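# Topology and contacts: notes
Chain by chain, the residues:
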Amino acid sequence: MKSINRFVLASLVLLTSPYSLALSTDNVQTTLPDQTLQASERQVVMALTHLGLEKEKARLPITYCSYGGTCIPLGSWSVRIEQSFANQVLASEIPRLVSSRFDQLVTSSNKISVLTASSQIDDLETPISEFNASTSSYTDYKAQLTNYLNTEIAPSLYDLLGDAAEARYLEMNAQEKDTFIRVKAQATGMPVAVLENLISTGYAFGLYLPEIQGTLHIQQTKRKLFDGREIYVFHNTLSAPLQTRLIVFKFDGKQFSVAHEISATADGNLFNAAAQHISGSGSVETLFLPSRSNIQSVFNDLFKLSFKDSTIALSTKLKEIREFAIASPVLASDKKDVYALGVGVQENIRVDHPFSFYRTIDNKETRMGWGQVREVGDNCLALPAGQRTPSQAHLVQGQVNELDLAVEHPWTGVYGRVGLSVSDTSLEINGQDTGAGAANFLEFGFIGNLGYLLNNPSYSEVWANMDIGLGMTSAGQYNNTKMAADSAARFRFGAEKRYPMGQGFYSALGADFAIEAHNYRIANHSDPLKVTSYNLIPRAELGYFANPNLKLYGGVAYNLPLSSSVENFNEKVNMAAGVSFNLGLAMHVNFAGPFAIIKAPPSNRCDNLRNTNNQN
C-alpha cells in the first residue's frame, strides 16, 4: 500500500478470552486489576515515520595514528543524514515499536486505511496534509508535532467520528453508548472495537534524533601478504551511536498532549553504554588514507544498525510503562509448572519471552514470581477461533496460580557481564615446565539468548557469549633464569545450553574458542617474551537468577590450547592444558549491542494471514 505519511492506529492487544475480573478464593477476594486489563485492550496509538532531525550533518573529529608512532588530531570531517534516508530507516524499524499486536491506520494525502488484526478497510476518506518538519531543536520539534497532530490529525479524527468526540458522549449510559458507536461504525465503515477505542483514548508516537556525536580513528597498520611481502594499510574506525528519542502523545478524543518522553540513552549503566557503543561503531580497511565517500558509506551502514538498536532500547523502555505492557490472565495446564497464556504471535511474543506474575489481594498487587514462554501460541486473530492456541509459559521462580495476572517483562534477551577467571594453564619451553603460564583475568562481555533473538524454538535457552579479559600471568623459571609475570589478555566467544532447575537456578554446558596473549619478562632479555595461544574451552556452569534482570554464575572449565606461537624468543614454546574457574554476575541491558545485527524482525505471520484472507 502506497502512502506519503504512515501513521499507525495502534493499540495493545485485545484479550478476547472471557475471563471474569472478580475471582473468589476460599479466604480472600482476588481481583484482576481493571487498569492493567484495559491497557491490554485495543487503544489508539499513531506512529509517524518522519524522523525529526536536529541537524542533517554530523561532524567527526579525526585522530590519526601512524604505525609504531604517535597519534595526532587531524581536524574533522562531516557526514550527511539525508531526510529521505532517515525516513526510510525509520519506516523499516517502526515495527519494533508498533508490531502486529497493534491495529494500524495508514494515511496518504486524502485517504485513510485501517488495518486491524483480521481485516483491511480502504474506503475511509478524509483530507490529511503531509507533515514536513525542518531540522530543529527537540523543543521546537515537539511543538511542531503537537501543533500538527492537533491541527491536522485531531480534526480529521473528529470529523471521522462525528459527534462521538463531544463531551456529551461521556454522559451517555452504557446502552446509549453502545447504540451510538454501532451507528457511527456503520456510517464510517470502521470496526466497532476500533471506533470505540478511538473515542475513549489514544496515543501518537513521534521519533526525534538529536545531533550525532561521533569520532573517526585512523590507525596505520602492517599486513603480511601470502607471498611474504609486507604492506601498510589504514584501519578506519567510526563511532557514532544514536540517542533517539520517542515522544508519546495521548489523545483524549479531542486533542493530543505529551504523555511520555523516552530516550535511548545508557542512563549511567556501564553495560548499556558499552552495548550502545558497539552497535554504533564500525570500521573499514583501506590501502590509502580514507576518502569522504569511504566514511560516508560506513556511516550509512552504522546509522541503520545503531538506529535499529536504539528502537530496541525504546521498545524495551516503552514496555516499562505499564499501560504499554501486554497482560494476560494465567490459565492452568496439565503439566507441572507450565501455564497457558492468552498471548502469542499476534502480540509479537518471542521464544523465552519473560513474564512476571502478579496477584491482587484486597486491592494490593503483589509480584508472585516470573516465568518464560517456551512455546509461543499461534493465536492470530485472522485464524478461526478454534484453531488458535495459547502460549506455554514455564515457571522460573516464585509461584503462580491459575488466573493470576501475567505481565510481559521488558527484555532484550541480552546481558552485560563481569567476572573473574582463573586459568591454570602452564608454559613449557623445550618440553620443560617453567611454572609460569597460569593467568588471572577480569572479564567483561555480553551474552544473548539465541532463542529470543532469532525467535526460533530450536535455540530455546541457547546462549551465545563474547568476552574480553585483561589480567596478569604467573611468574616462573627457565634454565635458572627468572621469568617475571607481566600482562595477559584474552578474547573468547562461544555458546552454552541452559537447563532450568527451579526457583531461579540453572545448570549449563557449553564451549568457547579463545585467543590468549601472555607476556613475560626474562632476565637478560631486552624484549618481553610474547606467547599467543588458540584454545578450546569446554565448560560447565551453575547460575542463579535473583530476578529477570540480574543473575550470578560460577563454573569450571578445561582450557585446552590447540596451538601456540611466540615472539622475541628462539626456543620451542608450548602452552599446556589446565583447569580454570570463573565467577561473575550478569545484568540485563536495554540495547542488543553486539547481537543487534542478528535480532530477527517481528513476526509477520498474522499480517500475512490477514492479507491472504482479505485477498480471498
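Residues numbered from 1 in each chain as written. Predicted model: local features only at pLDDT ≥ 70, side-chain atom pairs only at ≥ 80, totals over all residues. Heavy atoms only, no water.

## Focus: the overall build of the protein
For the protein, the helix and strand inventory stands at 9 helices and 33 strands. Counting across all 616 residues of the protein, residues that qualify as buried make up 53%. (Helix = DSSP H or I, 4+ residues; strand = E, 2+ residues; numbered from the N terminus. Buried < 20%, exposed > 50% of the residue type's maximum accessible area, 1.4 Å probe, protein only.)

## Focus: the state of the cysteines
What we call a disulfide is simply a covalent bond connecting the sulfur atoms of a pair of cysteines. Per the stated rule, a full pass over the model turns up 2 disulfides. In this model Cys-65 forms its disulfide with Cys-71; the gap between the sulfur atoms is 1.9 Å. For the disulfide bridge between Cys-65 and Cys-71, the dihedral angle about the S-S bond is near 110 degrees, and by the sign convention the bridge is right-handed. Here Cys-380 engages in a disulfide with Cys-606; their sulfurs sit 2.1 Å apart. Between Cys-380 and Cys-606 the disulfide shows an S-S torsion of about -80 degrees. By sign, it is left-handed. With Cys-380 in the loop between strand 19 (364–375) and strand 20 (391–398) and Cys-606 in helix 9 (residues 605–615), this residue pair connects regions lying 226 residues apart in the sequence. If one numbers only the bonded cysteines of the protein, in the order they occur, the disulfide pattern is 1-2, 3-4. (Disulfide = S-S within 2.5 Å.)

## Brief notes about the sheet that holds strand 11 (residues 215–224)
If you walk across this open sheet you meet the 5 strands as 6-5-11-12-15, and the pairing is mixed. Pairing within the sheet leaves two strands with one partner each, and these edge strands are strand 6 (71–80) and strand 15 (281–286). Looking at each pair of strands side by side, their axes are set apart by 25 degrees on average, direction ignored. Bridge analysis of strand 12 (residues 230–239) against strand 15 gives 6 bridges, and the strand direction is antiparallel. (Pairing = 2+ DSSP bridges. Axes fitted to C-alpha atoms, helices over the stretch in contact; angles between N-to-C directions.)

## Remarks on the sheet that holds strand 23 (residues 426–429)
Taken together, 3 strands build an open sheet; the order of strands is 24-23-32 and the sheet is antiparallel. Each having just a single partner strand, strand 24 (432–433) and strand 32 (573–576) make up the two edges of the open sheet.

## A look at a nonpolar patch on the surface
There is a patch of nonpolar side chains on the surface, built from Leu-420, Val-422, Ile-515, Tyr-534, Leu-536, Val-556, Tyr-558, Leu-560, Leu-562, Val-579 and Phe-581 and spanning about 900 Å² of accessible area. Counting only elements with at least two residues in the nonpolar patch, the list comes to strand 22 (414–423), strand 30 (529–547), strand 31 (550–567) and strand 33 (578–588). (Patch = residues over 30% accessible without salt bridge, like charges linked within 9 Å, V, L, I, M, F, W, Y side chains within 5 Å. Areas by Shrake-Rupley, 256 points an atom, 1.4 Å probe, with all protein chains shown as cover. Salt bridge = Lys/Arg side-chain N within 4 Å of Asp/Glu carboxyl O.)

## A short note on the side chain of His-353
When you line up the elements, His-353 lands in the loop between strand 17 (338–341) and strand 18 (354–361). The buried category is assigned to His-353, whose relative accessible area is 1%. Filtering out sequence-adjacent residues up to four positions away, His-353 remains in contact with Gly-371, Gln-372, Val-373, Glu-408, His-409 and Tyr-452. (Contact = heavy atoms within 4.5 Å.)

## Some details on unusual backbone geometry
Not every positive phi belongs to a glycine, and Glu-461 is a case in point at roughly 60 degrees. If you trace the backbone, Glu-461 turns up in the loop between helix 8 (450–454) and strand 26 (462–473). Within the chain, Gln-503 stands out as a residue other than glycine whose phi angle is a positive 55 degrees.

## Considering the environment of Phe-357
Its location among the elements puts Phe-357 in strand 18. Filtering out sequence-adjacent residues up to four positions away, Phe-357 remains in contact with Val-330, Thr-366, Arg-367, Met-368, Gly-369, Trp-370, Gly-371, Leu-395, Gln-399, Val-400, Leu-405 and Ala-406.

## Here we look at the nonpolar core
Grouped together as the largest cluster of nonpolar side chains are 58 residues, with contacts concentrated most on Leu-51, Ile-212, Leu-246 and Phe-303. The greatest single-element share of this core, amounting to 10 residues, is contributed by helix 7 (residues 292–318). Setting aside chain neighbours within four positions, we find Ile-212 in contact with Ala-58, Ile-81, Ala-240, Leu-242, Phe-299 and Phe-303. Counting residues in each nonpolar core, the second largest holds 17 residues, with Phe-131, Tyr-141, Tyr-148 and Phe-251 among its members. (Core = buried A, V, L, I, M, F, W, Y, C linked by side-chain atoms within 4.5 Å.)

## Some thoughts on helix 6 (residues 270–279)
When helix 6 is considered as a whole, its buried residues turn out to be Phe-271, Asn-272, Ala-275, Gln-276 and Ser-279. Each buried residue of helix 6 lies within a common arc of 135 degrees when the element is viewed along its axis, so the set occupies one face. Elements that come into contact with the buried residues of helix 6 comprise strand 15, helix 7, strand 22, strand 25 (439–449) and strand 33. (Arc of directions from axis to C-beta.)

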